Amino acid sequence: ITPELAGSMGSPELARFLISNANSVFVIEDAEQLMVSREKSKATSISTLLNLTDGILGESLGIQIIATFNTELYNIDKALLRKGRMLAKYEFKLLEQDKTASLLKELGHADAVVNGPMSLADIFNYEKPGFDTVETRPIGFVVR
C-alpha cells in the first residue's frame, strides 16, 4: 500500500478494507513521510500507524506492517523504535565484491568487471546507462 493510504487507515472509508484483510501483512514502500518523527514534522499519520500495529485496532485485526524508508533511523519517530514495537530492522548495504561478481554471473554477466562492492540497483541494471557520467559534445563547428 502507499504511504498516503496507510496514513488514512483510520478513516471510516477504509474500515471495511481492514476488516476484510484481517491477519494480513501490509508492505508500505517509501514510508518516510509516514514514519518521520513528530518533532520534525506535524504529520499525524504516525498515530494511525501506531494504532494499526499496537493499539486496539491492530490487536483485534492482527495486522503487521513492513515499511521501507530511505532515511536515517534517527529521523524515525521514537515511538516506533520502543521495545516491542519494531520486530526487526534490516539495512540494505552494498553487496560485497565477491557476492556482486557471483550475482552478476548468475544474471548472465559472466564477463562483468567488478572493482568493489555494488548496490542491488546497480547490479540488476548493470547494462543500463547511469546518470553519473555526462556525454559532452563539442559546441560550434567541428572541423573534419
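Just so you know, these numbers come straight off a predicted model, no measurement behind them.

Topic: the nonpolar core
Within the largest apolar cluster, eleven residues are counted, these being A6, I28, A31, L34, M35, I46, L49, L50, I76, A79 and L80. The set of elements that each furnish at least two residues to this core consists of helix 3 (32-35), helix 4 (45-54) and helix 6 (78-81). The element best represented in this core is helix 4, accounting for three residues. Apart from residues no more than four positions distant in its own chain, L80 is found in contact with M35, I46, L49, L50, R85 and M86.

As for helix 7 (residues 97-106)
Three or more residues of helix 7 are buried, namely T100, L103 and L104. In a view along the axis of helix 7, the buried residues occupy a sector of 100 degrees, so they form one face of it. In helix 7, those exposed residues whose orientation departs by more than 90 degrees from the buried face are D98, K105 and E106. Where helix 7 is buried, its residues meet helix 8 (120-124). In the stretch just after helix 7, G108 is the one whose phi turns positive, near 95 degrees.

Some thoughts on the pairing of strand 1 (residues 25-28)
Burial of strand 1 is one-sided: the residues F26 and I28 facing one way are buried, the residues V25 and V27 facing the other way are not. In this sheet, strand 2 (residues 64-67) lies alongside strand 1 in parallel orientation, the contact comprising four bridges. Looking at the pairing, V25 lines up with Q64 of strand 2.

Concerning the confidence of the model for the chain
Taken over all residues, the pLDDT of the chain has a mean of 82, while the share at 70 or more is 90%. The least confident element of the chain, judged by mean pLDDT, is helix 1 (residues 3-7) at 72; the most confident is helix 7 at 95.

With respect to the side chain of S37
Its place among the elements puts S37 in the loop between helix 3 and helix 4. Apart from the residues within four sequence positions on either side, S37 is in contact with N75, I76 and D77.

Reading the values: rules and limits
- Counting from 1, residues in each chain are numbered in the order their sequence is written.
- Note on the predicted model: pLDDT of at least 70 is required for a residue's local features to be given, and 80 or more for side-chain atom pairs to be given and counted; whole-chain, interface and lining totals, by contrast, use all residues.
- The side-chain numbers reported here are obtained from all heavy atoms of the structure, hydrogens and water having been left aside.
- Among buried residues, those of type Ala, Val, Leu, Ile, Met, Phe, Trp, Tyr and Cys that are joined through side-chain atoms within 4.5 Å constitute a nonpolar core.
- Only protein chains enter the accessibility calculation, which uses a 1.4 Å probe; a residue is then buried when its area is under 20% of its type maximum, exposed when over 50%, and partly exposed in between.
- Strands here mean DSSP runs of E at least two residues long; helices mean DSSP runs of H or I at least four residues long; both are numbered from the N terminus.
- Contact definition: two residues touch when any of their heavy atoms are within 4.5 Å.
- What the arc measures is the spread of directions leading from the helix axis to the C-beta atoms.
- Two strands pair under a simple rule: DSSP has to find at least two bridges between them.
- Confidence of the predictor in every single residue is expressed as pLDDT, which spans 0 to 100.

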